[in-house]
Amino acid sequence: QVQVVESGGGLVQAGGSLRLSCAASGSDFSINYMGWYRQAPGKQRELVADITSDGSTNYADSVKGRFTISRANAKNTVYLQLNSLIPEDTAVYYCAAKRVATVGYTYWGQGTQVTVSS
């Protein structure tokens, strides 16, 4: 069983920054893909960014140039740096993990709230 835990959300003014952290644990098998999703009230869940074990990254168009996903030296640990935040970024941000590329994300964190005030 894999546990995914994210943290770092909070309240920030437009133009500010936050850094979210995520760690997957509880398994001896490598987690090869990790990503961040977000969901605002009444909206569909959307992929924000993800990263592979070799460092390849993918971003939603809405966050390109503002958010950066990265891997820590520790295995199965990722960060999401959120810069130039706008109110439209307000959502619950979820960290997700999976072992293979051909399936949807299978392990999910509890979510961390990001609120951007105008």
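Residues numbered from 1 in each chain as written. Predicted model: local features only at pLDDT ≥ 70, side-chain atom pairs only at ≥ 80, totals over all residues. Heavy atoms only, no water.

(A) Representation of the side chain of Glu6 within the structure. Tracing the chain through its elements places Glu6 in strand β1 (residues 3–7). Of the polar contacts made by the side chain of Glu6, one reaches the backbone nitrogen of Gln110; its length is 2.9 Å. (Helix = DSSP H or I, 4+ residues; strand = E, 2+ residues; numbered from the N terminus. Polar contact = N/O pair within 3.5 Å; in protein donor to acceptor, adjacent residues only side chain to side chain.)

(B) Spatial organisation of the state of the cysteines. In this structure the tally under the stated criterion is one disulfide. With its sulfur 1.9 Å from that of its partner, Cys22 forms a disulfide with Cys95. Looking down the S-S bond of the Cys22 and Cys95 bridge, the torsion is -85°, so its handedness is left-handed. Taken together, the residues span a long stretch of sequence, with Cys22 in strand β3 (residues 18–25) and Cys95 in strand β9 (residues 91–98) at a distance of 73 residues. (Disulfide = S-S within 2.5 Å.)

(C) The arrangement of the pattern of salt bridges in detail. Scanning the model with the defined rule gives four salt bridges in all. Among the salt bridges present, the one from Arg38 reaches Asp89, with a minimum N-O distance of 2.9 Å. Separated by 51 residues along the polypeptide, Arg38 in strand β4 (residues 33–39) and Asp89 in the loop between β8 (77–82) and β9 bring together distant segments of the chain. The buried category is assigned to Asp89, whose relative accessible area is 1%. Note that Asp61 and Lys64 form a salt bridge whose closest N and O atoms lie 3.1 Å from each other. Shared partners join several salt bridges into a network, and the residues in it are Arg38, Glu46, Arg66 and Asp89. (Salt bridge = Lys/Arg side-chain N within 4 Å of Asp/Glu carboxyl O. Buried < 20%, exposed > 50% of the residue type's maximum accessible area, 1.4 Å probe, protein only.)

(D) Geometry of the environment of Met34. With respect to the helices, strands and loops of the structure, Met34 is situated in strand β4. Looking at Met34, the relative accessible area reads 3%, which means it is buried. Separated by 65 residues in sequence, Met34 and Arg99 have C-alpha atoms that sit 8.8 Å apart. Aside from chain neighbours lying at most four places away, what touches Met34 is Cys22, Ala24, Asp50, Ile51, Ile69, Asn76, Thr77, Val78, Cys95, Ala96, Ala97 and Tyr105. (Contact = heavy atoms within 4.5 Å.)

(E) The arrangement of the sheet that holds β3 in detail. Taken together, the four strands give an open sheet; going across it, the order is β1-β3-β8-β7, and neighbouring strands pair in antiparallel fashion. If you trace the sheet from one side to the other, it starts and ends with β1 and β7 (67–71), each paired once. For this sheet, the mean inter-axis angle between neighbouring strands, taken without regard to orientation, is 15°. As judged from the six bridges shared by β3 and β8, these two strands associate in the antiparallel manner. From the neighbouring strand, Arg19 faces β8, where its bridge partner is Gln81. (Pairing = 2+ DSSP bridges. Axes fitted to C-alpha atoms, helices over the stretch in contact; angles between N-to-C directions.)

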